[in-house]
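One-letter residues, chain by chain:
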Amino acid sequence: MAFILLTNDDGVHSPALVPFAKALMELGRVEVVVPDRERSWIGKAITRHDPVEVTKLERDGVIMHATTGYPADCTQIGAHSLFRDTPDLVVSGINIGYNHGLAFMMSSGTVGAAAEAWVSGLPSVAVSAGTVREDWAVWSKWVWEDEA
């Protein structure tokens, strides 16, 4: 059974997190380690001087770990500290909004978390979602409000 580490940059309250975790569970064991709040546009930043705290919680039947760190911290903690074994795959997302182009490759927390896994020698993928039919701001607001 594959061990999949799921992280994101939209945080523990992302409307995409629980459905994505449940879908990935069909492929194997899924452990969720995400920021305790939205941490978009932070790239591959790592917490340097402050302690990173981890809180275990449950959302809609999915056990997850929320950290005070950045997305790349979540990858490090989930891949090297929190669990006995190393993940077979690190999945970052689903990001609410597209990550395309060089600016996003350099600045996206979603991409940064996947890049941190790659730096550690782990297979990884960053997943994003968006819309071409609606104005992005309208669509994003609708996605986040639907969770409330």
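Just above, that's the structure.
Described in the following lines is the structure provided in the data block. (Residues numbered from 1 in each chain as written. Predicted model: local features only at pLDDT ≥ 70, side-chain atom pairs only at ≥ 80, totals over all residues. Heavy atoms only, no water.)

With that out of the way, let us pick up the overall build of the protein. A tally of regular secondary structure across the protein gives five helices and six strands. Counting from the amino terminus, helix and strand elements in the protein follow one another as β-α-β-β-β-α-β-α-α-β-α. Over its C-alpha trace the protein gives a radius of gyration of 14 Å, about what one expects of a compact globule, namely 15 Å for 148 residues. Projecting the C-alpha coordinates of the protein onto the three principal axes gives extents of approximately 45 × 35 × 30 Å. By residue count, 45% of the 148 residues in the protein fall in the buried class. The long-range share in the protein, meaning contacts at least 24 apart out of those at least 6 apart in sequence, stands at 75%. Surface summary for the protein: the accessible area is close to 7900 Å², and the carbon and sulfur share equals 55%. Considering the protein, the positive charge centre built from 11 side chains and the negative charge centre built from 19 side chains are found 4 Å apart. (Helix = DSSP H or I, 4+ residues; strand = E, 2+ residues; numbered from the N terminus. Rg over C-alpha atoms; globule rule 2.2 N^0.38 Å. Buried < 20%, exposed > 50% of the residue type's maximum accessible area, 1.4 Å probe, protein only. Contact = heavy atoms within 4.5 Å. Areas by Shrake-Rupley, 256 points an atom, 1.4 Å probe, with all protein chains shown as cover. Lys, Arg positive; Asp, Glu negative; His and termini not counted. Charge placed at Lys NZ, Arg CZ, Asp CG, Glu CD.)

The amide bond that connects Gly93 to the next residue, Ile94, takes the cis arrangement and shows omega of -5 degrees. Among the structural elements, Ile94 can be located in strand β5 (residues 89-96). With phi around 60 degrees, Trp41 is a residue other than glycine that occupies positive phi space. The phi dihedral of Asp60 falls on the positive side, at around 50 degrees, and the residue is not glycine. Considering the arrangement of structural elements, one finds Asp60 in the loop between β3 (54-59) and β4 (62-67). Looking at Asp60, the relative accessible area reads 52%, which means it is exposed.

Mapped onto the elements, His65 comes out in strand β4. The residues touching His65, leaving out its near neighbours within four places in the chain, are Glu31, Val32, Val33, Val34, Val54, Thr55, Lys56, Leu82 and Phe83.

Owing to its 3.6 residues per turn, the α-helix aligns residues three or four sequence positions apart on the same side. Of all the positions in helix α1 (residues 17-24), only Leu17, Val18, Phe20, Ala21 and Leu24 are classed as buried. Projected down its long axis, α1 shows its buried positions confined to an angular sector of 165 degrees, all on one face. Along its buried surface, α1 packs onto β1 (2-7), β2 (28-35), β3, β4, β5 and β6 (124-129). (Arc of directions from axis to C-beta.)

Take the pattern of salt bridges next. Scanning the entire structure with this criterion turns up five salt bridges. Between Arg37 and Asp36 there is a salt bridge; the shortest N-O distance is 2.6 Å. In this structure Arg37 comes out as partly exposed when scored by relative accessible area, which is 42%. Classification of Asp36 as partly exposed rests on a relative accessible area of 27%. A salt bridge links Lys141 to Glu145; its shortest N-O distance comes to 3.8 Å. Linking Lys141 with Glu145, this pair stays in helix α5 (residues 136-147), spanning four residues, or about one helical turn. The network of salt bridges with shared partners includes Arg29, Glu31 and Asp85. (Salt bridge = Lys/Arg side-chain N within 4 Å of Asp/Glu carboxyl O.)

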